[in-house]
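Structural description and commentary
The lines below spell out each chain.
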Amino acid sequence: LGAYGQGYTITASLKGDGEGRKVYLRTADESRIVDSTTIRNGQFVFRGKVDYPQLYNITIMKNEATEKNRPAWQPMIPLFIENAPVKLSGILDSIPTQLDVMMGKYDYKRVKVEGARQHQQFLQYNKGYDDAYKKWSDAFNGYISYLNPPKGKEKGPVSEGIAAVDKVDVAKKGMLDYMSGYIRKNPASYVALYVFKKNVGQFNLKEIDELKNSFAGAVKTSAAGKSLTEAVDKAAKTATGSRYADFSFQDKEGRSVKLSDHVAKGKYVLLECLACWVGPCRADIPHLKEVYELYHPEGFEVISISMDEDKEKWLKAVEDEKMKWLQVSDLQAFKGDLSKLYNFNGIPTCVLISPDGNIVTRNMRGSWMDKKLIELYGNKFGSKF
């Protein structure tokens, strides 16, 4: 495991009824189980060694549900681990959950952490990030309110939606500026490296290239630096600003189709990765059909890429939705290589390709789509604008 440090010891003391509960130590990036133990007399201990400081998650099971089917609401303690002794203390029932982490609402004050220098740096980063995230969250909730008006009221005009996503974009830029600023100011920080690796997919190709070259010292040459290189190379292949990556599919009739058969042919092409079993995907289709009718005559093309495995269900959804554009799939869903190549784990994922084959945006949904189409072709929405 290398020569870094002598190893870590994590000693936790928790008040509350936790006797006999299973506790898991996982890597934060892969959720891979590193170790497990059981709470005895209000305490548990983990011992091990890391190649470099990195974020782990400690999950405390509320029950004996199998790990494969663990609920998302189990208490969880994110901890930036280094090879040094660390003490944790808190009240079991007040520890925030995995869901709090996912929603960006985790209260780190609920668990006292002693003796973890890297973790304190992580908390300092989070303090600034949380402020930027809240502005983005408030703006995004404003857009959600536009999409879902109160009962009895109609959704506002297209211009209102565009104004709402403009606010979201400003707030997101604030988040990204905070991240990139932290990385540039802390080039020898493992926390900064974690921040970049986790969020690399949110930056465009130019930003990725600039930020990856900002790291220095032991961080850059360590195993952490090498793992970052892999993540950067993966994200850069299909980041905004890069050339599209070709891929092979089958159409509805089972004929072989390549992206290169249809993109980089002088027109803007939307790659709409979706699945018939995902509610938001089906909910987006009426809007997509509407803008297709308006902008296809101007040269706008769409390719729906199904992330399904069941061909019959896929074809039935295509028939039910009566989508007029090209429908393709490799019928491997997330088991195939497409999601890895295009670096996504959620759908719908909507990627716009330029006439010369470059990725223009990876956010071509809803009012963002309306805004981009108006920029490219002019306003065709008429009275709906």
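Structural data are supplied above this passage.
Scope of this entry: the structure provided in the associated data block. (Residues numbered from 1 in each chain as written. Predicted model: local features only at pLDDT ≥ 70, side-chain atom pairs only at ≥ 80, totals over all residues. Heavy atoms only, no water.)

One pass over the structure, following the stated rule, counts 21 salt bridges. A salt bridge links Lys380 to Glu298, with the nearest nitrogen and oxygen atoms 3.9 Å apart. Of the two residues, Lys380 is situated in the segment after α11 (366–377) and Glu298 in the loop between α8 (279–295) and β12 (301–306); the sequence distance between them amounts to 82 residues. The class of Lys380 is partly exposed, set by a relative accessible area of 34%. The exposure class of Glu298 is partly exposed, given its relative accessible area of 39%. Salt bridges here are not isolated pairs; linked through shared partners, they connect Asp251, Glu253 and Arg255. (Salt bridge = Lys/Arg side-chain N within 4 Å of Asp/Glu carboxyl O. Helix = DSSP H or I, 4+ residues; strand = E, 2+ residues; numbered from the N terminus. Buried < 20%, exposed > 50% of the residue type's maximum accessible area, 1.4 Å probe, protein only.)

According to the stated counting rule, one finds 24 aromatic pairs in the structure shown. Aromatic pair Tyr292 and Trp325: ring centres 5.0 Å apart, planes at 55°, arrangement tilted. One end of the pair, Tyr292, is in helix α8; the other, Trp325, is in the loop between α9 (311–321) and β13 (326–329), with 33 residues separating them in the sequence. Classification of Tyr292 by relative accessible area gives buried; the value is 7%. What makes Trp325 buried here is its relative accessible area of 6%. These aromatic residues form a ring-pair network of at least three members: Tyr125, Tyr129, Tyr133, Trp136, Phe140, Tyr143, Tyr146, Tyr178, Tyr182 and Trp368. (Phe/Tyr/Trp six-rings, centres within 6.5 Å; stacked < 30°, edge-to-face > 60°.)

When the terminal C-alpha atoms of helix α7 (residues 223–236) are compared, their 20 Å separation across 14 residues agrees well with the 20 Å that a helix rising 1.5 Å per residue should span. Taken together, the buried positions of α7 are Ala224, Gly225, Ser227, Leu228, Ala231, Val232 and Ala235. On an axial view of α7, the arc spanned by its buried residues comes to 160°, and they lie on one face. Facing away from the buried side of α7 by more than 90 degrees, the exposed set consists of Lys226 and Glu230. Along its buried surface, α7 packs onto α4 (190–199), α5 (205–212) and α6 (217–221). (Expected span 1.5 Å × (residues − 1). Arc of directions from axis to C-beta. Contact = heavy atoms within 4.5 Å.)

A cis amide bond links Ile347 with the next residue in sequence, Pro348, at an omega value of 5°. Tracing the backbone shows Pro348 in the loop between α10 (338–341) and β14 (349–353). For Ala264, which is not glycine, the phi torsion reads 60° and is therefore positive. According to the relative accessible area criterion, Ala264 is partly exposed, its value standing at 25%. With phi around 50°, Ala333 is a residue other than glycine that occupies positive phi space. Positionally, Ala333 belongs in the loop between β13 and α10. For Ala333, a relative accessible area of 8% puts it in the buried group.

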